[in-house]
Amino acid sequence: MNAVAGERPGTVSGGAVRRVLDAEVERARSARPDGRPRVVDVGGGSGSWAVPLAAAGCAVTVVDVSPNALAALERRAREAEVHALVTPVQGDADQLPEVVADLIDSGGADLVLGHGLLEVVDDPARAAASLAAVAAPGAAVSVLASSRHAAVLWHVLAGRLDEARAVLTDPDGRYGPDDTLRRRLDGPAVTALLEDTRRLRVELVQGDGLLEAWLPHVVRDGGPADMRGAAELEDLAAGVPALREVAARLHVLARAVAP
């Protein structure tokens, strides 16, 4: 079942992440008496992950600071006829244990998403602790984070060598004061943030969007067969340690342990 879709049209990313989340949904479904996994999507915006998860039968709570994004989420959920399974909540990662307190009191979430979160929050360690606090023992926490090393190569390809140097040497992986991200991360950094919570154990680190900067236009414009071939290559490369660090995003899956 390919029920969980997070890739963008015209790209080959998302497949490996989608399969991991599909497996977690099925795992949670089999463990739930009602067969309905409970998901919390932190910073989920307009629902690119939440709506497909709801379509797969999950009850999804989306926590986001933007009322506009939550309004878009509600429209998207209604169009997909899954609005009864999607609960929008305005709040940020620091407030997470408070805004979903009822869910935590009833045992916690089966799957927690923090996609595109750690690179924009004020305190990534606190955000990681919040993700861990919401997860039930045995639940999965899925994190997607912008890759420092991919950004270095992108700036080199664009001929912006000073910015490439800055991303590589800056403690937060930023290219300067105009950078829209607070930080970029590598695999060890994301792993440390999650495992330092003492409630999460990392099980998987893979790349997402490895081919985004490298795929030539002749392939992008070559039709479905070329894109399928690129997607297969993306999936093969996602778990190769030497390659995943230069993917656009790092995908890290951690398992919650009992406190």
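Up top is the structure.
Rules and cut-offs
Residues numbered from 1 in each chain as written. Predicted model: local features only at pLDDT ≥ 70, side-chain atom pairs only at ≥ 80, totals over all residues. Heavy atoms only, no water. Helix = DSSP H or I, 4+ residues; strand = E, 2+ residues; numbered from the N terminus. Contact = heavy atoms within 4.5 Å. Lys, Arg positive; Asp, Glu negative; His and termini not counted. Charge placed at Lys NZ, Arg CZ, Asp CG, Glu CD. Pairing = 2+ DSSP bridges. Axes fitted to C-alpha atoms, helices over the stretch in contact; angles between N-to-C directions. Buried < 20%, exposed > 50% of the residue type's maximum accessible area, 1.4 Å probe, protein only. Right-handed = clockwise from strand over helix to strand, strands pointing away. 1 Å grid on protein atoms, 1.4 Å probe; cavity = no way out; pocket = protein on both sides within 12 Å on 5 of 7 lines; lining within 4 Å. Points joined across faces, edges and corners; volume = space filled by probe spheres on them. Nonpolar A, V, L, I, M, F, W, Y, C, P; charged D, E, K, R; others polar. Patch = residues over 30% accessible without salt bridge, like charges linked within 9 Å, V, L, I, M, F, W, Y side chains within 5 Å. Areas by Shrake-Rupley, 256 points an atom, 1.4 Å probe, with all protein chains shown as cover. Salt bridge = Lys/Arg side-chain N within 4 Å of Asp/Glu carboxyl O. Polar contact = N/O pair within 3.5 Å; in protein donor to acceptor, adjacent residues only side chain to side chain. Arc of directions from axis to C-beta.

> Help me out: how do you make sense of the overall build of the protein chain in this one?
Secondary structure assignment for the protein chain yields 12 helices and seven strands. For the protein chain, long-range pairs separated by at least 24 residues make up 71% of all intrachain contacts whose partners lie at least 6 apart in sequence. Positive and negative side-chain charges in the protein chain, numbering 27 and 37 respectively, have mean positions lying 2 Å apart.

> Looking at this structure, I do not really get the sheet that holds strand E6 (residues 200–208). What am I missing?
Across a sheet, strands are paired by hydrogen bonds formed along the backbone, either parallel or antiparallel in direction. One open sheet accounts for seven strands, arranged E3-E2-E1-E4-E5-E7-E6; its pairing is mixed. Every other strand in the sheet has two partners, leaving strand E3 (86–90) and E6 as the edge strands with one partner each. Strand-to-strand twist in this sheet, taken as the mean axis angle between neighbours without regard to direction, amounts to 15 degrees. The strands that helix H3 (residues 67–79) touches are strand E2 (59–64) and E3; relative to E3, the one it contacts most, it runs at about 170 degrees. Across the sheet, helix H6 (residues 124–134) lies against strand E1 (38–42), strand E4 (109–115), strand E5 (135–146) and E6, angled at about 145 degrees from E5, the strand it touches most.

> What exactly am I supposed to notice about the side chain of Thr-197 here?
Relative to the helices and strands, Thr-197 resides in the loop between helix H9 (187–195) and E6. The class of Thr-197 is buried, set by a relative accessible area of 18%.

> Honestly, the pairing of E4 in this entry has me stumped. Any pointers?
For E4, a buried count of seven out of seven residues is recorded, marking the element as mostly surrounded by other parts of the structure. In this sheet, E4 lies alongside E1 in parallel orientation, the contact comprising three bridges. Counted as the bridge partner of Val-39 is Leu-111 from E4. Two strands pair when backbone bridges link them, and E4 and E5 are joined in this way by six bridges, in the parallel orientation. Paired with Ala-109 across the bridge in E5 is Ala-135. Regarding the hand of the β-α-β motif, the stretch spanning E4, H6 and E5 is right-handed.

> Got a minute to help me understand the layout of surface pockets in this structure?
Rolled over the atoms, a probe sized like a water molecule indicates the empty space that remains. Computed from the structure, the largest pocket encloses a volume of approximately 240 Å³. Taken together, 13 residues form the lining of the largest pocket, with Val-65, Asp-92, Ala-93, Leu-117 and Val-121 sitting closest to its centre. The class makeup of the residues in the lining of the largest pocket is seven nonpolar, two polar and four charged.

> When you look at a nonpolar patch on the surface in this model, what are you seeing that I'm missing?
A grouping of Trp-154, Leu-157 and Trp-214 is seen on the molecular surface, where their side chains present a nonpolar patch of about 330 Å² in accessible area. Topologically, Leu-157 is positioned in helix H7 (residues 148–157).

> I tried to follow the environment of Leu-233 on my own but got confused; where do I start?
The residue Leu-233 is located in helix H11 (residues 224–238) in this model. Residues Leu-233 and Leu-211 lie 22 residues apart in sequence; the distance between their C-alpha atoms is 8.6 Å.

> How should I be thinking about the environment of Arg-183 in this particular structure?
Its location among the elements puts Arg-183 in the loop between helix H8 (161–169) and H9. When the C-alpha atoms of Arg-183 and Pro-171 are compared, they prove to be 8.3 Å apart, with 12 residues separating the residues in sequence. Excluding residues that lie within four positions of it along the chain, Arg-183 makes contacts with Leu-118, Glu-119, Val-120, Val-121, Asp-122, Pro-124, Asp-172 and Arg-174. In this structure the side chain of Arg-183 is engaged in a polar contact, spanning 2.8 Å, whose partner is the backbone oxygen of Val-121. Among the polar contacts listed, one links the side chain of Arg-183 to the backbone oxygen of Asp-122, at a separation of 3.5 Å.

> I'm lost on the pattern of salt bridges in this one. Help?
The full count for this structure, using the stated rule, is 10 salt bridges. For Arg-29, the salt bridge is made with Glu-26, and the minimal N-O distance between the two is 3.1 Å. Of the two residues, Arg-29 and Glu-26 are both situated in helix H1 (residues 15–31); the distance of three residues between them amounts to about one turn of the helix. We classify Arg-29 as partly exposed; its relative accessible area is 22%.

> In this structure, what is going on with H9? I would like to understand it.
Three- or four-residue spacings in an α-helix give side chains the same orientation, since the helix completes a turn every 3.6 residues. Among the residues making up H9, those that are buried are Gly-187, Val-190, Thr-191, Leu-193 and Leu-194. Seen along its axis, H9 keeps its buried residues to an arc of 160 degrees; they face one direction. Close packing links the buried residues of H9 with H6, E5, E6 and strand E7 (249–256). The opening residue of H9 is Asp-186, an N-cap whose side-chain oxygen sits 2.9 Å from the backbone nitrogen of Ala-189.

So far we have only geometry, and geometry alone does not tell us how the molecule works.
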